[in-house]
Structures are given as structure tokens and as C-alpha cells.
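# Observations on chain architecture
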Amino acid sequence: MASRLDDAVGRLLLHAAVVLHRTVAGRAATERLQAHRNAALREAHRRGIPAEEMAARMRLSPGWVRQVLGGRKPAVEEAA
């Protein structure tokens with residue numbers, strides 16, 4: 001039961017990350033929203049969502065997503 005709940009919550013967090021990723025605007029807002037997006041990605045990953053699925057949903061490279069999951073800030077923000 002817990003794994004089904006974790007899967008559902010993980011997918012919800014991934015959806016939140018996608019929404020945040022697509023609605024960033026302004027420098028301060030961009031940095032703040034990207035920090036929230038990255039936190040949501042890390043939390044979704046902790047709940048079992050693979051990096052490849054996140055990358056496909058967000059139209060980013062798996063390597064970029066893995067950098068975020070590792071807690072590093074990627075050198076360049078990829079365009080979606």
C-alpha cells in the first residue's frame with residue numbers, strides 16, 4: 001500500500017515540477033521557481049520516479065536531471 005501511495009505522490013510531485021518548469025518568468029522568480037522545481041524533482045525521485053521518466057516529461061536530458069537529483073546546480077539551464 002505504501003508503495004502505491006509513494007508512486008501516486010511521486011507522480012504528483014513530478015507534475016508540480018513540470019508546471020513550475022513551464023511557468024518561470026523574471027530573474028528572481030525564475031531562480032525561486034527553479035529551486036522549488038528542483039526540490040520537487042528530488043522528492044519525486046526519492047519516491048521512486050526514475051530520472052529518465054522525469055527527463056522525458058520535462059523535455060530535458062537525463063544527465064541534466066541527474067545533476068539536479070545529485071544536489072548540484074547545472075551549469076546551463078536547458079531550454080524546453
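See the structure shown above.
Just so we're clear, the structure is a prediction, and the values are computed from it rather than from any experiment. (Residues numbered from 1 in each chain as written. Predicted model: local features only at pLDDT ≥ 70, side-chain atom pairs only at ≥ 80, totals over all residues. Heavy atoms only, no water.)

### Side note on the overall build of the protein
The condition that has to hold: Counting from the N terminus, the helices are the DSSP runs of H or I reaching at least four residues and the strands are the DSSP runs of E reaching at least two. For every residue, the accessible area (1.4 Å probe, protein chains only) is compared with the maximum for its type, and the residue is labelled buried under 20%, exposed over 50%, or partly exposed between those bounds. The contact criterion used throughout is that any non-hydrogen atoms of two residues lie within 4.5 Å.
Counting secondary structure elements, the protein contains 4 helices and 0 strands. When its helices and strands are written in sequence order, the protein yields α-α-α-α. Looking at the protein residue by residue over its 80 residues, the buried ones come to 30%. The contacts of the protein with a sequence gap of at least 6 include a subset with a gap of at least 24, amounting to 51%.

### Re the environment of Pro62
Within the secondary structure, Pro62 is located in helix α4 (residues 62–69). Classification of Pro62 as partly exposed rests on a relative accessible area of 32%. When the C-alpha positions of Pro62 and Pro50 are compared, they lie 9.7 Å apart, and in sequence the two are 12 residues distant.

### Points about the packing of helix α2 (residues 27–46) against helix α3 (residues 51–58)
Rules: To obtain an axis, a line is fitted to C-alpha atoms, over the contacting stretch when the element is a helix, and the angle between two such axes runs from 0 to 180 degrees between their N-to-C directions. Should an angle fall under 35 degrees it is taken as roughly parallel, and over 145 as roughly antiparallel, whereas 65 to 115 is taken as roughly perpendicular and any remaining angle as oblique. It is the rotation of the near helix from the far one that decides the hand of a crossing: anticlockwise by less than a right angle makes it left-handed, clockwise makes it right-handed.
Closest axis-to-axis distance for the α2/α3 pair is 10 Å, and the angle between their directions is 140°. The angle between the axes of α2 and α3 places the two elements in the oblique class. The handedness of the crossing between α2 and α3 is right-handed. Here Arg37, Leu41, Ala44 and His45 of α2 come into contact with α3, specifically with Ala51, Met54 and Met58.

### Brief notes about α3
The condition that has to hold: Each C-beta atom gives one direction from the helix axis, and the arc is the one those directions make.
The complete set of buried residues in α3 reads Ala51, Met54, Ala55 and Met58. One side of α3 holds all its buried residues, which, seen down the axis, span an arc of 100°. Note on α3: the residue one or two positions beyond its end, Arg59, has a positive phi of about 60°.

### A closer look at α4
The set of residues buried in α4 consists of Trp64, Val65, Val68 and Leu69. Summarising the axial view, the buried residues of α4 lie within an arc of 140°, below the 170-degree limit, and thus occupy one face. Gly71 occupies a position one or two residues after α4 and carries a positive phi of about 90°.

The values reported here are purely geometric and, on their own, carry no functional implication.
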